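# Breakdown of the fold
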Amino acid sequence: MQLQSMYQDIILDHYRNPHGRGLRDPFEAEVHHVNPTCGDEVTLRVHLDGETIADVSYEGMGCSISQASVSAMYDLVVGRSVTDALATGDSFMTLMQSKGDTTVAEGLEDELEDAIAFAGVSKYPARIKCALMSWMALKDASARALAATPAGGQA
Ligand code: ZN
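Residues numbered from 1 in each chain as written. Predicted model: local features only at pLDDT ≥ 70, side-chain atom pairs only at ≥ 80, totals over all residues. Heavy atoms only, no water.

### Section: unusual backbone geometry
- Each neighbour pair has its own omega, and for Asp25 with Pro26 the value is -5 degrees, a cis peptide bond.
- With respect to the secondary-structure elements, Pro26 resides in the loop between helix H1 (3-16) and strand E1 (29-35).
- Here the phi dihedral of Lys99 falls at roughly 55 degrees; this positive angle occurs in a residue that is not glycine.
- Position of Lys99 relative to the elements: it lies in the loop between helix H3 (82-96) and helix H4 (102-112). (Helix = DSSP H or I, 4+ residues; strand = E, 2+ residues; numbered from the N terminus.)

Structure follows, in structure tokens:
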């Protein structure tokens, strides 16, 4: 099997059948992020239970990379602590900066699950922002949600 086409299949599958799509209640923070260079948009809500991400809900439009990235991110972050989820976001950032270096991708494969399919995007600087938009929105929304919850984060 061609790795590149397998990756494309994963991206297209998330694009056609997005996981967790739709805006849901309750939520502690909602953000709207845009990627003007491509015209991608996402509205993303974070619902916390203490410091755990209980739900991430979203609506968006734009290219397949941007929309598939939100879906793959949803699978990776729901049910985890904000700290762990954002650490995975940092790993995804590392992948996006890898310029197509397969050694970097191999090292992150287990952690990034389906999001590893975006490895090829790192070779196209113009598309990196498409893939990163969802993670930027998550970081922003999580910080706002934490700030909106009482100290100690008791739900
Ligand atoms: Zn895009």
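### Quick word on the nonpolar core
- Within the largest apolar cluster, 43 residues are counted, with the highest numbers of intra-cluster contacts made by Leu44, Val77, Phe92, Leu95, Met96 and Phe118.
- Within the residue set of this core, elements represented by two or more residues are H1, E1, strand E2 (40-49), strand E3 (52-61), helix H2 (64-77), H3, H4 and helix H5 (125-148).
- Per-element accounting of this core gives the leading share, ten residues, to H5.
- Excluding residues that lie within four positions of it along the chain, Leu44 makes contacts with Ala29, Glu30, Val31, Val56, Ser57, Tyr58, Val70, Met73, Ser134, Ala137, Leu138 and Ala141. (Core = buried A, V, L, I, M, F, W, Y, C linked by side-chain atoms within 4.5 Å. Buried < 20%, exposed > 50% of the residue type's maximum accessible area, 1.4 Å probe, protein only. Contact = heavy atoms within 4.5 Å.)

### Looking at the pairing of E2
- Taken across its ten residues, E2 has eight buried, putting it largely inside the fold.
- As defined by bridge partners, E1 adjoins E2 across seven bridges and the pair is classed as antiparallel. Across the sheet, the residue bridging to Asn35 is Asp40, located in E2.
- In textbook terms, the turn of a hairpin is the stretch between consecutive antiparallel strands, and for E1 and E2 this stretch comprises four residues, one of which, Gly39, has a positive phi near 90 degrees.
- Where E2 lies against E3, nine bridges are found, and the strand directions are antiparallel. (Pairing = 2+ DSSP bridges.)

### Notes on the UniProt feature "domain: NIF system FeS cluster assembly NifU N-terminal" (unreviewed entry) in the protein
- Those places that UniProt annotates as "domain: NIF system FeS cluster assembly NifU N-terminal" (unreviewed entry) correspond, in this numbering, to residues 6-130.
- Along residues 6-130, the helical share is 46% and the strand share 22%, with 20 Å between the first and last C-alpha atoms. (UniProt positions renumbered as here; feature names shortened; annotations may be inferred.)

### Section: the sheet that holds E1
- Spatial strand order, E1-E2-E3: three strands in an open sheet with antiparallel pairing. At either margin of the open sheet sits one strand with a lone partner, and together these are E1 and E3. The mean inter-strand angle of the sheet, taken between neighbouring strand axes irrespective of direction, is 20 degrees.
- Sitting on the sheet, H2 is in contact with E2 and E3, with an inclination near 170 degrees to E3. (Axes fitted to C-alpha atoms, helices over the stretch in contact; angles between N-to-C directions.)

### Points about the packing of aromatic side chains
- Tallied over the entire structure, the rule returns two aromatic pairs.
- Ring geometry for Phe92 versus Phe118: centroids 5.9 Å apart, planes at 80 degrees, classification edge-to-face. Highlighted residues: Phe92 in helix H3 and Phe118 in the loop between H4 and H5, separated in sequence by 26 residues.
- An aromatic cluster is defined as three or more aromatic residues linked by ring pairs; in this entry it consists of Phe92, Phe118 and Trp135. (Phe/Tyr/Trp six-rings, centres within 6.5 Å; stacked < 30°, edge-to-face > 60°.)

### Things to note about the coordination of the zinc ion
- Bound to the zinc ion on the protein side are Cys38 (SG), Asp40 (OD), Asp40 (OD), Cys63 (SG) and Cys130 (SG), at distances that span 2.2 to 2.7 Å.
- In primary-sequence terms, the residues that donate to the zinc ion follow C-x1-D-x22-C-x66-C. Here Cys38, found in the loop between E1 and E2, pairs with Cys63, found in the loop between E3 and H2; they are 25 residues apart in sequence, far enough to count as distant.
- Taking the relative accessible area as the measure of exposure, Cys38 reaches 33% and is therefore partly exposed. (Donors = N, O, S within 2.8 Å, 3.2 Å for Na, K, Ca; no water.)

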